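# Survey of secondary and tertiary structure
For reference, the chains in residue letters:
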Amino acid sequence: MGDAGETRSLRLAATARKWLEDVSIDREGHVHPAVASGGQALAVPATAGARVSLAEPGRVICSLRVRAPLTVRCLALSADATSSASARERASWMLSEPGSDLVLSCSRAFARMQDAGGRWHAGAIAAAADNVCAAAVFTVLGADVLTVQYGLSYFSPAHHDEEVEMDGRVVGRKGKLVAVTVEVRKKESGELVAICRQWMAPIQLTTKCNTSTSSKL
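Residues numbered from 1 in each chain as written. Predicted model: local features only at pLDDT ≥ 70, side-chain atom pairs only at ≥ 80, totals over all residues. Heavy atoms only, no water.

## Side note on the side chain of S156
For clarity, the cut-off: The way it works is that DSSP assigns letters per residue, a run of H or I at least four long becomes a helix, a run of E at least two long becomes a strand, and they are numbered from the N terminus. In protein, a polar contact requires one atom able to donate a hydrogen and another able to accept it; more generally it is a pair of N or O atoms within 3.5 Å, and residues adjacent in sequence count only if both atoms are side-chain atoms. Contacts between residues were defined by any pair of non-hydrogen atoms, one from each residue, lying within 4.5 Å.
Structurally, S156 can be placed in the loop between β3 (145-154) and β4 (163-174). Within the structure, the side chain of S156 is placed 3.3 Å from the side chain of E191, a separation counted as a polar contact. For S156, the residues in contact, after removing those within four places along its chain, are K186, E191, L192 and V193.

## What to know about the packing of helix α1 (residues 3-20) against helix α6 (residues 122-141)
How two helices sit against one another is set out by the angle between their axes and by the gap between those axes. Spelled out, the test is: Axis definition: a line fit to C-alpha positions, over the contact stretch in the case of helices; interaxial angles, taken between N-to-C directions, run 0 to 180 degrees. Every angle not falling under 35 degrees, over 145, or within 65 to 115 is termed oblique; those three ranges are roughly parallel, roughly antiparallel and roughly perpendicular. Crossing handedness is read from the near helix: turned anticlockwise from the far helix by less than a right angle, it gives a left-handed crossing, and turned clockwise, a right-handed one. Under the convention adopted here, Pro, Cys and the residues Ala, Val, Leu, Ile, Met, Phe, Trp and Tyr are nonpolar, Asp, Glu, Lys and Arg are charged, and Gly plus all remaining residues are polar.
Interhelical geometry of α1 versus α6 gives an angle of 165° and a closest axis separation of 8 Å. It follows that α1 is roughly antiparallel to α6 by the angle criterion. Taken as a pair, α1 and α6 cross one another with a handedness that is right-handed. For the pair formed by α1 and α6, the contact residues are R8, L12, A13, T15, A16, W19 and L20 on the first element and N131, V132, A134, A135, F138, T139, V140 and L141 on the second. Of the residues belonging to the contact of α1 with α6, the class tally is 11 nonpolar, three polar and one charged.

## Some points on the nonpolar core
As a rule of thumb, soluble globular proteins bury nonpolar side chains together. We count it as follows: Definition used in this section: a nonpolar core is a set of buried Ala, Val, Leu, Ile, Met, Phe, Trp, Tyr and Cys residues joined via side-chain atoms within 4.5 Å. Residue burial is assigned from relative accessible area. The probe radius is 1.4 Å, only protein chains are included, and a residue is buried under 20% of its type maximum, exposed over 50%, and partly exposed in between.
Counting residues in each nonpolar core, the largest one holds 42 residues, and the members touching the most others are L20, W120, M166 and V184. Every element with two or more residues in this core is listed here: α1, α3 (43-46), β1 (51-56), β2 (59-65), α6, β4, β5 (177-186) and β6 (192-202). Sequence-distant contacts of M166, defined by excluding residues within four places in its chain, comprise V60, I61, C62, L64, A128, A129, V132, V182, E183 and V184.

## Notes on unusual backbone geometry
Positive phi, normally seen in glycine, also occurs at D161, with a value near 75°. Inspection of the secondary structure puts D161 in the loop between β3 and β4.

## A word on the state of the cysteines
Applied cut-off: We call a pair of cysteine sulfur atoms a disulfide whenever their separation is within 2.5 Å.
Scanning the model with the defined rule gives zero disulfides in all. We note that C196 lacks a disulfide partner, and the nearest cysteine sulfur, in C133, lies 4.1 Å from it.

## Digging into the environment of D130
By the secondary structure assignment, D130 is in helix α6. Considering only alpha carbons, one finds D130 and T47, 83 residues apart in sequence, at a separation of 9.9 Å.

## Focus: the pairing of β5
For a regular strand, the rule is simple: side chains alternate between the two faces of the sheet. For the record, the criterion: The pairing criterion for strands is at least two bridges between them, as found by DSSP.
Where β4 lies against β5, 10 bridges are found, and the strand directions are antiparallel. Considered in β5, the bridge of E165 is made with R185. Connecting β4 to the antiparallel partner β5 that follows it, the hairpin turn spans two residues, and G175 within it adopts a positive phi of roughly 65°. In this sheet, β6 lies alongside β5 in antiparallel orientation, the contact comprising eight bridges. Within β6, the residue paired with V180 across the bridge is Q198. Connecting β5 to the antiparallel partner β6 that follows it, the hairpin turn spans five residues, and G190 within it adopts a positive phi of roughly 80°.

## Observations regarding the pattern of salt bridges
For clarity, the threshold we go by: By salt bridge we mean one thing: a side-chain nitrogen of Lys or Arg within 4 Å of a carboxyl oxygen of Asp or Glu.
Scanning the model with the defined rule gives seven salt bridges in all. E162 is the partner of K186 in a salt bridge, and the nearest nitrogen-oxygen pair spans 3.8 Å. Of this pair, K186 sits in strand β5 while E162 is found in the loop between β3 and β4, placing the two residues 24 residues apart along the sequence. For the salt bridge of K187 with E163, the shortest nitrogen-to-oxygen distance reads 3.8 Å. Residue K187 is located in the loop between β5 and β6, and its partner E163 is located in strand β4; the two are separated by 24 residues in the primary sequence. Since its relative accessible area comes to 42%, K187 is described here as partly exposed. One salt-bridge network, in which partners are shared between bridges, spans R59, D167 and R169.

## What to know about the confidence of the model for the chain
Quick note on the threshold: Scored from 0 to 100, pLDDT records how confident the predictor is in each individual residue.
Of all residues in the chain, 63% attain a pLDDT of 70 or more, and the chain-wide mean is 75. Counted against residues more than four places away or in other chains, residues 69-111, with its pLDDT under 50, gives 66 contacts. Taken as a whole, residues 210-214 scores under 50 in pLDDT and shows seven contacts with residues more than four places along the chain or in a different chain.

## Regarding α1
The periodicity of an α-helix, 3.6 residues per turn, causes residues three or four positions apart to be oriented the same way. Threshold: The length a helix should cover is 1.5 Å for every residue beyond the first. When we speak of the arc, we mean the arc of directions from the helix axis to the C-beta atoms.
When the terminal C-alpha atoms of α1 are compared, their 26 Å separation across 18 residues agrees well with the 26 Å that a helix rising 1.5 Å per residue should span. For α1, the full list of buried residues reads S9, L12, A13, T15, A16, W19 and L20. What you see down the axis of α1 is that its buried residues fit within an arc of 160°, all on one side. Away from its buried face, by an angle of more than 90 degrees, α1 presents the exposed residues D3, A4, T7, L10 and K18.

Below is the structure:
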């Protein structure tokens, strides 16, 4: 790999790292259009608080703590912002900063990161794994991607305040399609929580094929 290729790889890895730690922000540091319009409602809180320990071509590792129900820090509107349509559009799904005067509220359907038994909700695991897959694929393609096929196997539960580690790897390519897997493990014990297997593709390709899924990055 020449200097130009190495520089590009480092840049893509750095971008994937930054995005995975705050999925409400796009590559230019702005609120992602899909987030501002109210989309990505589960993708944003699913990896809130994630910290990336490794980002390299074809691989991303991050860790996060399982959050309690209704404590996901989704940004909702303050009373002062309700009269401004542009403020509402911009603020709808950003993550709030500590000390913000914005009222923290979130749809209960999306804010429940646990199930009735206090375990990390299966849907939240799926959304978090999808984010990690997208980040790993971005380090290779350097393009916005969509999920075109998804499979998830669950092995053991994770509970409130447990720290988990998610290891995403690109494992193959077929044309413009990229195969990626994510292993989710409890960080302290290494116990396997779930394995996700996905096929992802650049947005332009899936648009041509009339595929309707959520965009990443």
